[in-house]
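Architecture and fold: a report
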Amino acid sequence: MTQPNDLLPADLLPEGLEDRLPLEAARITAAMRACLAVLDAHGYDRVRPPLLEFEASLAGRMAGVAKGEGRAMFRFVDPASLRTLALRSDMTPQVGRIAATSLAAAARPLRLCYCGDTVVIKASQLDPARERLQLGAELIGADSVAAASEAVMLAVEALKAAGLNGISVDFTLPDLVDTLAEKAFPLAPERREAVRRELDTKDAGGLRAAGGEAYLPLLYATGPFADALAGLRAVDAGGALKSRLDGLEAIAAQIGDAARITLDPTERHGFEYQSWFGFTLYAEGLRSAVGRGGTYRIAGSEEPATGFTLYLDRLAEAAPQPGAVPMVWLPFGHDRAAAAALRAQGMRTRAQLAEGEDGRVLGCTHILEGGIPVALEAPS
Ligand SMILES: N[C@@H](Cc1c[nH]c[nH+]1)C(=O)O
């Protein structure tokens, strides 16, 4: 038998990639099923885009990704087409492509959901994983307050169905600096990046030095939703903010007490392509975000859309372990119909393959005897 110390160097996994062993895989699967059931019940049809695509098409559907601000993708040359392929780092652009091509003629708003693995070349400090299991929903054809409310409500409902507690939603305004820089607090295009950077690091001195004095109040308008909103309302930006803030207020009113709401108007981490509205989801027991979403435009077709993505393998860390069901040992010559009936009732079975096997050693709690499951003593 192979012992762990027989590990060959070739058996080591690259940094940021790992095997999920049965207990963990069961937790991820249970969370996945619960979330998918919520999206399905709300009328979202599942699509399954491929794991890899032509790089140009993956990168081209999202503004930020095209600008190189996106998560770096693994790329390689396809020996068959001799074109560059990329492994997806996010499924939202793929769903955008489907909406803009195969489903271009489908009625809007179009509700699609998805679940699949994505990979990034470089992980973040907070979360070293380079493979991420995404599960999400995209509402195509609308980026209104109503669409945004539906997306947030659905995300919260899915997280609760997965068994997570203490859910909080952090609202942000991804295109805030661009909007204000146009007119209210004018900034030359080449200065915008510097101002965004200082807002990111919440450095008041740096912000002043970068010529972003007018943006200072934004630094303080962050925290619990009501207070932060009041702070932002006090920023007189010649009405440039009003429609956005009214929108946030309407979304928050819909959520009510289904989740705790905070507002960080300048947060842009993880928002590469979202437009007026963005949100980050957190849950009790997990330091990093369990999902993100917002409004955006599908690059190419310019169609408005709203959606969210949950990071399933991450959120499953705080999801409850599915309850163990009886595991029934099926010895040689067992009653097959009785075994099938037990499985139909939700029990699990393991069948004997060779002489000398002991069901208890193989994790069984019961043995099928005379057509009924009889409890086994745990192995000593
Ligand atoms: N796919 C984005 C979130 C998103 C979905 N739809 C719109 N935004 C992410 O993983 O961060």
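Structural notes, computed from the coordinates. (Residues numbered from 1 in each chain as written. Predicted model: local features only at pLDDT ≥ 70, side-chain atom pairs only at ≥ 80, totals over all residues. Heavy atoms only, no water.)

**Quick look at the sheet that holds strand β10 (residues 278-282)**
The strands making up a sheet associate through backbone hydrogen bonding, with each pair oriented either parallel or antiparallel. Filter applied, for reference: Strands are labelled as partners when DSSP assigns at least two bridges between them. Going along the chain from the N terminus, every DSSP run of H or I of four or more residues is numbered as a helix, and every run of E of two or more is numbered as a strand. Every residue pair with non-hydrogen atoms within 4.5 Å of one another is taken to be in contact. Angular values range over 0 to 180 degrees, each being the angle between N-to-C directions of two axes fitted as lines to C-alpha atoms, with helices fitted over their stretch in contact.
Within the open sheet, the nine strands sit side by side as β1-β5-β6-β12-β11-β10-β7-β9-β8. Their pairing is mixed. Two strands close off the open sheet at either side, each with one partner strand: β1 (45-46) and β8 (223-224). Sheet topology places β1 next to strand β5 (residues 110-119); two bridges connect them, and they run parallel. Each bridged residue has a counterpart across the sheet, and for R46 the counterpart in β5 is C113. Running over the sheet, helix α4 (residues 92-100) touches β5, β6 (131-140), β11 (291-298) and β12 (303-311) and is turned about 35° from β6. Each of β7 (168-172) and β9 (260-263) is contacted by helix α11 (residues 242-255), which is oriented at about 170° to β7, the strand it contacts most.

**Some points on a nonpolar patch on the surface**
To keep things clear, this is the line we draw: A patch consists of residues whose relative accessible area exceeds 30% and which take part in no salt bridge; residues with like charges are grouped when within 9 Å of each other, and nonpolar side chains (Val, Leu, Ile, Met, Phe, Trp, Tyr) when within 5 Å. In this description, accessible areas are obtained by the Shrake-Rupley approach with a 1.4 Å probe, and a residue is regarded as covered only by the protein chains that are shown. Salt bridge, as used here: a side-chain nitrogen of Lys or Arg that lies within 4 Å of a carboxyl oxygen of Asp or Glu. Exposure classes here rest on a 1.4 Å probe applied to the protein chains alone. A residue is buried below 20% of its type maximum, exposed above 50%, and partly exposed in between.
Together, L51, L52 and F76 make up an exposed nonpolar region whose accessible area comes to about 240 Å². When you line up the elements, F76 lands in strand β3 (residues 75-77). F76 sits in the partly exposed class, given a relative accessible area of 36%.

**Structural notes on the packing of aromatic side chains**
Just so we agree on the cut-off: A pair of aromatic rings is counted whenever rings of Phe, Tyr or Trp (Trp by its six-membered ring) have centres within 6.5 Å, and the orientation is called stacked for planes under 30 degrees apart, edge-to-face for over 60 and tilted otherwise.
Within the structure shown, the criterion is met by six aromatic pairs. Seen from their ring centres, Y273 and Y296 are 5.7 Å apart, and the 70° between their planes marks the pair as edge-to-face. Residue Y273 is located in the loop between β9 and β10, and its partner Y296 is located in strand β11; the two are separated by 23 residues in the primary sequence. Here the two residues Y273 and Y296 agree in accessibility, since each one is buried. Between F277 and F279, the ring centres sit 5.6 Å apart and the planes meet at 25°, which makes this aromatic pair stacked.

**A closer look at the nonpolar core**
Going by this rule: We define the nonpolar core as a collection of buried residues of types Ala, Val, Leu, Ile, Met, Phe, Trp, Tyr and Cys that are connected through side-chain atoms lying within 4.5 Å of one another.
Counting 73 residues, the largest nonpolar core has F171, Y215 and F279 as the members making the most contacts within it. Not counting residues within four places of it along the chain, the set of residues in contact with F171 comprises F225, L248, I251, A252, I255, I261, T262, L263, D264, F277, G278 and F279. In this structure, M91, V95, A99 and Y273 belong to the second largest nonpolar core, which totals 13 residues.

**Describing unusual backbone geometry**
Cis geometry marks the peptide bond from R108 to P109; its omega dihedral reads -5°. Tracing the backbone through its elements, the reader meets P109 in the loop between α4 and β5. A positive phi angle, near 60°, is found at L82, a position not held by glycine. Within the secondary structure, L82 sits in the loop between β3 and β4 (84-87).

**Some points on the side chain of T309**
How we decide: Any pair of nitrogen or oxygen atoms within 3.5 Å is treated as a polar contact; in protein, a donor-acceptor pairing is required on top of that, and neighbouring residues in sequence qualify only through side-chain atoms on both sides.
You can see T309 is positioned in strand β12. Among the polar contacts made by the side chain of T309, one reaches the side chain of Y114 at a distance of 2.9 Å. Leaving out residues up to four positions away in the same chain, T309 has contacts with D90, T92, Y114, Q134, L135, G136, E138, V290, G291 and R292.

**Focus on the site of the ligand**
Note the cut-off: A cutoff of 4 Å decides nearness: a residue is near a molecule or strand if any of its heavy atoms lies inside that distance of it. Each residue receives one of three labels: charged for Asp, Glu, Lys and Arg, nonpolar for Ala, Val, Leu, Ile, Met, Phe, Trp, Tyr, Cys and Pro, and polar for the others, Gly being one of them.
Neighbouring residues of the ligand: 15 residues in total, closest D90, T92, E138, T309 and Y311. For the ligand, a nitrogen atom lies 2.9 Å from a polar atom in the side chain of E138. Here the ligand, which alone exposes 300 Å², has 100% of that area covered by the protein. When contributions to the shell around the ligand are tallied by element, the ones reaching two or more residues are β6, β11 and β12. When grouped by side-chain class, the residues that make up the shell around the ligand number four nonpolar, seven polar and four charged.

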